Amino acid sequence: MTRKTLMLLLVFVPAAGAFAQSPAYFESETRIERILDSYERRFIRSSLQAKADLLHDAALDDRAPEFFGPLCRFALDFVLENAALFPNDPDMANLAVRAVRGIGESGYSPAAPALWRIFLGFRDNVIRFEALAALPLLGSSEPVPDINRFLAEQNSLYGSSLAPDLTLLDGIIKTLGGIGDERSYPALFGACLIYPGESGENAAASLFAINERAGGLGAFFIQVVLQNPVREKYEALELAKRPESAVNYGDLAEAALEAALNQNLSGESVRRLRSDALRIIREEKIGRALPLVIKNYNQCLSAYRSNRDRGRPDYLEAVSALAAMENAEAAGLLTLQLDLVNSGMESSASCDESVVTALVNALGGLGYRAAHDSLARMDRLPYSDAVKTSAADARAKLQW
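Residues numbered from 1 in each chain as written. Predicted model: local features only at pLDDT ≥ 70, side-chain atom pairs only at ≥ 80, totals over all residues. Heavy atoms only, no water.

Q: Teacher, can you tell me more about the overall build of the protein chain here?
A: Summing up its helical and strand segments, the protein chain has 20 helices and zero strands in all. Taking 21 Å as the expected radius of gyration for a compact globule of 400 residues, we find that the protein chain reaches 35 Å, considerably beyond that expectation. In terms of principal-axis extent, the alpha carbons of the protein chain reach across some 105 × 80 × 30 Å. Just so you have it, the protein chain exposes about 20,200 Å², and 52% of that area is on carbon and sulfur atoms. Averaging the coordinates of the 41 positive side-chain charges in the protein chain and doing the same for the 51 negative ones gives two points 4 Å apart. (Helix = DSSP H or I, 4+ residues; strand = E, 2+ residues; numbered from the N terminus. Rg over C-alpha atoms; globule rule 2.2 N^0.38 Å. Areas by Shrake-Rupley, 256 points an atom, 1.4 Å probe, with all protein chains shown as cover. Lys, Arg positive; Asp, Glu negative; His and termini not counted. Charge placed at Lys NZ, Arg CZ, Asp CG, Glu CD.)

So, in structure tokens, the structure goes:
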């Protein structure tokens, strides 16, 4: 045997082994196709009532796992194409229900778009609810954009003469939660905003269910807090508070503070948003929020200098938040402001006692030893005895 012949044998012998398995493979495929073809031909020849019975019998066939899903899709296509010829026909409705259930039970994902078309094409709620129940069982997200669009349209109609059927709407909401695609967050969040009671709660539950499967709810809420109207910011914060949301609430507090600062604290609702965000940051001691807390402090200080009476509450809050950072940079800013107050006291012998006390207590809490000279200087200035006592207490707390 020549070398060339040997090489040819080495190339073709493995291929021959592969082809040796092919007849069985193709025989299996052909057998399934023959079974499906047989059922489809019987389906075509059957009466409308018998078509549903045929699906029932096919489901009991030992070979059903191999062909039942495509057969039900075949039946569903028949329903879609001929429903207009049999309006309100109970046999057609029964066939539709049998086909939809079969698709769900077999998990036949290619039929997902057809299920949604059935939902849109029928006004019979029995059929519609069967389609909604089957969709999450298919593992397909192909119809999700269409379902989201439908929900968003229904949301827009709420409160009008065309208000949606809330029972059907709940089915849509639960279906989206069952499918678990994060593209549904906007429509479901809109439902949380709009619908009271059980429907709103179902929308929240679907948000959380999607997050458990696909994640991304925290990022979605952050975008809402940064970009959406104030009412929607608060809704996102309220939803994120729930333990089942599995969202980092501190991240949202930072986003809320950033959103409020970008609007320059304008409007009572924005001021309240900023205050709530600072409270969370302060209570949880979120150190990474320091740049935002400093920005807030500087804005509030500027507002306080422009109008003491109006700016005082926000500035006192800003001092408290800055002190909670337990950071040398924060302590340095507070010490600098105390130095300015001390200089003003030397020239005018007057001060805003509530602000001075807040600065002193904050520095004492921080234990920032570089503040010692600024606090000691207060003994020599015409402060009240209460302020001087606070300054002495703060010095005693400094860390050496």
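Q: Help me out: how do you make sense of the nonpolar core in this one?
A: As a rule of thumb, nonpolar side chains are buried together in soluble globular proteins. In terms of nonpolar packing, the biggest core is built from 129 residues, with Phe221 and Leu334 touching the most fellow members. With near-sequence residues (within four places) excluded, Leu334 lies in contact with Tyr297, Val319, Leu322, Ala323, Leu359, Ala362, Leu363 and Leu366. (Core = buried A, V, L, I, M, F, W, Y, C linked by side-chain atoms within 4.5 Å. Buried < 20%, exposed > 50% of the residue type's maximum accessible area, 1.4 Å probe, protein only. Contact = heavy atoms within 4.5 Å.)

Q: How should the packing of helix α3 (residues 64–82) against helix α5 (residues 112–121) be read in this particular structure?
A: Two packed helices can be described by the angle between their axes and the distance between those axes. In the contact formed by α3 and α5, the axes pass within 10 Å of each other and the chain directions differ by 30°. Viewed along their axes, α3 and α5 adopt a mutual orientation that is roughly parallel. Judged by the twist between their axes, the crossing of α3 over α5 is left-handed. Counted together, Arg73, Leu76, Asp77, Val79 and Leu80 of α3 and Ala114, Leu115, Arg117 and Ile118 of α5 form the full contact between these two elements. Along the lines of polarity and charge, the residues of the contact of α3 with α5 split into six nonpolar, no polar and three charged. (Axes fitted to C-alpha atoms, helices over the stretch in contact; angles between N-to-C directions. Parallel < 35°, antiparallel > 145°, perpendicular 65-115°, else oblique. Left-handed = near helix turned anticlockwise from the far one by under 90°. Nonpolar A, V, L, I, M, F, W, Y, C, P; charged D, E, K, R; others polar.)

Q: Please explain the packing of aromatic side chains as it appears in this structure.
A: To describe a pair of aromatic rings, one takes the distance between the centres and the angle between the planes. Within this structure, the stated rule accounts for 13 aromatic pairs. Note on Phe189 and Phe220: the rings are 5.7 Å apart at their centroids and 80° apart in plane angle, and the pair reads as edge-to-face. Placement of Phe189 in helix α9 (residues 185–194) and of Phe220 in helix α11 (residues 217–227) is noted, with a sequence separation of 31 residues between them. Residue class for Phe220 comes out buried when judged on its relative accessible area of 16%. Taking the centre distance of 5.2 Å and the plane angle of 10° together, the rings of Tyr304 and Tyr315 count as stacked. (Phe/Tyr/Trp six-rings, centres within 6.5 Å; stacked < 30°, edge-to-face > 60°.)

Q: Mind showing me how you'd approach the packing of α5 against helix α6 (residues 125–134) here?
A: Relative orientation of the contacting elements α5 and α6 amounts to 155°, with a least axis distance of 8 Å. With respect to α6, the element α5 is oriented roughly antiparallel. Judged by the twist between their axes, the crossing of α5 over α6 is left-handed. Where α5 abuts α6, its residues Leu115, Trp116, Ile118, Phe119 and Leu120 lie against Ile127, Arg128, Ala131, Leu132 and Ala134.

Q: How should I be thinking about helix α10 (residues 197–214) in this particular structure?
A: Because an α-helix packs 3.6 residues into every turn, residues spaced three or four apart end up facing the same way. Taking 1.5 Å of rise per residue, 18 residues should cover 26 Å, and α10 covers 26 Å from first to last C-alpha, within 8% of that figure. Regarding α10, the residues found buried are Ser199, Gly200, Asn202, Ala203, Ala204, Ser206, Leu207, Phe208, Ile210 and Asn211. In this fold, the buried residues of α10 make contact with α8 (166–179), α9, α11 and α12 (230–241). Positive backbone phi, approximately 75°, marks Gly215, located one or two places after α10. (Expected span 1.5 Å × (residues − 1).)

Q: Looking at this model, I keep getting lost on the side chain of Asn148. Mind explaining?
A: With respect to the element layout, Asn148 can be found in helix α7 (residues 144–157). Apart from the residues within four sequence positions on either side, Asn148 is in contact with Leu176, Arg183, Ser184 and Ala187.

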